[in-house]
Amino acid sequence: MVIGLVSAAQALGSVFSYECDSAPEDADWTVVQIVCQPDLWVDLCDPDLSVHNRCFFQHVELCEGYPPPGGQQATYMRTLDEFIGEDQFFAEWAVETDADRSEIPWGGGAGLGLGNNYGIGYTFDIARDQAKLNRDNSLPIIFVDLEPGVPHTHRLELYGADLYVWYVDGEIVDQGVPEGEFPSFDPIIIWRAKAAWLPNTTVWDYIRYGTIAADGSGDYDSDQDVDSDDFYFFEQYFFGPDVDAGPGGRFADFDFDTDVDCDDWQQFLLAWSDPPDPPDFPQCVEDEEPPAPIPAVSQAGVIVMTLLLGTALGVAFKQPRVRHRRTLNGQGKMD
Ligand SMILES: [Ca+2]
Ligand SMILES: [Ca+2]
Ligand SMILES: [Ca+2]
Ligand SMILES: [Ca+2]
């Protein structure tokens with residue numbers, strides 16, 4: 001399922017989210033190039049996890065009859081036209097690949113780029129243990145080491161002509177002054193997996209982009225409401241007390257203490273604008289009890305029962321859900 005949170009026709013203030021639970025061409029991506037029939041499929045990201053999260057897999061090898069470095073690849077794109085002029089823009093993607101870093105100079109491994117034909121671009125090449133950012137061949141190329149064997153979350157934030165920031169697993173790894181505003185002038189986002197010399201498999205968990213949500217707003221997709229679409233992301237960034245939820249989770253951190261916890265859930269409930277009711281969120285059920293009204297005699301027994309039940313549920317659900325927090329080099333890893 002694609003979460004097309006708002007229609008593509010809507011202008012600023014929206015997010016496009018591909019959760020990788022269907023093939024890209026079924027999720028509004030344009031197929032740019034499929035070379036030599038690579039294996040492409042959707043499956044559980046990690047069968048060992050209880051979380052039913054799906055990923056898009058790309059397994060690529062060398063092409064029979066074609067000399068390297070021109071192996072299999074599958075490439076997809078979308079226009080970013082609806083975000084032209086957006087001066088608080090982000091793209092975030094979670095991906096794991098086993099590609100050797102020797103593939104990177106040849107365009108192999110996982111790749112994702114944002115750019116236009118007027119010289120502004122952000123091209124990321126990603127291997128098992130290294131990622132590279134090339135903004136322009138005349139500028140320094142940035143390399144970052146990655147912990148192999150786990151997915152990593154990359155996030156690019158663009159603030160007009162003033163600032164770009166590249167995060168890996170919530171930590172800033174590069175930032176500076178852009179060559180110009182982006183998205184601008186026929187902007188696109190494009191991504192792929194490719195085998196230049198060696199076979200490799202890339203696993204995409206999601207690719208999201210759009211307007212950066214206002215901090216503490218609860219409104220992930222910046223469409224001026226707080227509804228089930230926003231809840232989907234609130235839940236993803238809920239890591240509990242004293243865990244920095246990272247730049248993508250700032251929208252859900254109502255009390256600005258970097259975490260997304262049950263205090264923030266209370267504020268999310270107050271911000272909820274989609275009738276009739278917000279979804280259940282068992283992690284915070286203890287905190288959800290409304291102030292007790294003064295009971296009429298005939299209702300007292302019912303209310304006592306409700307409170308007891310609430311307490312029991314609170315105990316039963318108090319354990320936070322198991323989550324894998326993706327971290328750079330595994331530091332601060334939390335299961
Ligand atoms: Ca996914
Ligand atoms: Ca919203
Ligand atoms: Ca807190
Ligand atoms: Ca917080």
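We now turn to the structure provided with this report.

Thresholds, definitions, all that
- Position numbers for residues start from 1 in each chain and track the written sequence from start to end.
- The naming scheme follows written order: chains are lettered A onward, ligands numbered 1 onward.
- The predicted nature of this model means local features are confined to residues of pLDDT at least 70 and side-chain atom pairs, given and counted, to a pLDDT of 80 or more, with totals for whole chains, interfaces and linings taken over all residues.
- Any residue surrounded by 20 or more other C-beta atoms within 10 Å of its C-beta is treated as buried, while 12 or fewer makes it exposed and the intermediate range makes it partly exposed; C-beta atoms here are placed from the backbone.
- Secondary structure elements are taken from DSSP: a helix is a run of H or I of four residues or more, a strand is a run of E of two residues or more, and numbering for both begins at the N terminus.
- A pair of strands is treated as paired once DSSP finds two or more bridges between them.
- Residue pairs are scored as contacts if the distance between their C-beta atoms, which are placed from the backbone, is within 7 Å.
- Every axis in this analysis is a line fitted to C-alpha atoms, fitted for helices over the stretch in contact. Angles between the N-to-C directions lie between 0 and 180 degrees.
- Taking the helix axis as origin, the arc is that swept by the directions to the C-beta atoms.
- One nonpolar core equals one set of buried Ala, Val, Leu, Ile, Met, Phe, Trp, Tyr and Cys residues connected by C-beta atoms within 7 Å.
- Where a domain begins and ends is set by an automatic assignment or by a domain database.

Taken across its nine residues, strand S6 (residues 89–97) has nine buried, putting it largely inside the fold. The side-chain alternation of S6 yields two buried faces, one formed by Phe89, Ala91, Trp93, Val95 and Thr97 and the other by Phe90, Glu92, Ala94 and Glu96. Pairing geometry for S6 and strand S15 (residues 200–211), over nine bridges, is antiparallel. Bridging from a neighbouring strand, Trp93 pairs with Ile207 of S15.

If a strand is regular, its side chains alternate between the two faces of the sheet. The alternating pattern of strand S1 (residues 15–18) places Val15 and Ser17 and Phe16 and Tyr18 on opposite faces, both of which are buried. Inspection of the sheet shows S1 paired to S15 by four bridges, in the antiparallel sense. The residue bridging Tyr18 from the neighbouring strand is Ile207, located in S15.

This brings us to the environment of Ala193. Here Ala193 is to be found in strand S14 (residues 188–194). According to the C-beta neighbour criterion, Ala193 is buried, with 28 such atoms within 10 Å. Remark: the alpha-carbon pair of Ala193 and Thr75, spanning 118 residues in sequence, is separated by 7.0 Å. Contact partners of Ala193, with chain neighbours within four places excluded, come to Gln58, Val60, Gln73, Ala74, Ala110 and Thr202.

This paragraph deals with unusual backbone geometry. The step from Pro68 to Pro69 runs through a cis peptide bond, and the omega angle for that step is 10°. By the secondary structure assignment, Pro69 is in the loop between strand S4 (54–60) and strand S5 (73–79). With omega at 5°, the peptide bond leading from Phe182 into Pro183 counts as cis. With respect to the helices and strands, the residue Pro183 is situated in the loop between strand S13 (171–176) and S14. Positive phi is not limited to glycine here, since Asp28 has a value of about 70°. Secondary-structure assignment places Asp28 in the loop between S1 and strand S2 (30–35).

Before going further, it helps to examine the sheet that holds strand S9 (residues 130–134). If you trace the seven strands from one edge of the open sheet to the other, you get S2-S5-S14-S7-S8-S9-S10, paired in antiparallel fashion. Of all the strands in the sheet, the pair left with one neighbour each is S2 and strand S10 (142–145). Along the sheet, successive strands turn relative to each other by an average axial angle of 15°, direction set aside. Sheet topology note: the S5/S14 ladder contains seven bridges and is antiparallel. The residue of S14 that forms the bridge with Thr75 is Arg192.

Moving on to helix H1 (residues 228–236). Turning to H1, its buried residues are Asp229, Asp230, Phe233 and Phe234. Here the buried residues of H1 occupy an arc of 140° about the axis, which is enough to place them on one side.

Ranked by internal contacts, the top residues of the largest apolar core, which has 66 residues, are Ala91, Trp93, Val95, Leu156, Trp204, Tyr237 and Ala252. Counting residues per element, this core draws most heavily on S6, which supplies six residues. Each of domain 1 (15–212 + 302–327) and domain 2 (216–298) accounts for three or more of the residues forming this core. Excluding anything up to four places from it in sequence, Ala252 contacts Gly218, Phe234, Tyr237, Ala245, Val260, Asp264 and Phe268.

Bear in mind that shape data such as this cannot, by itself, settle questions of function.
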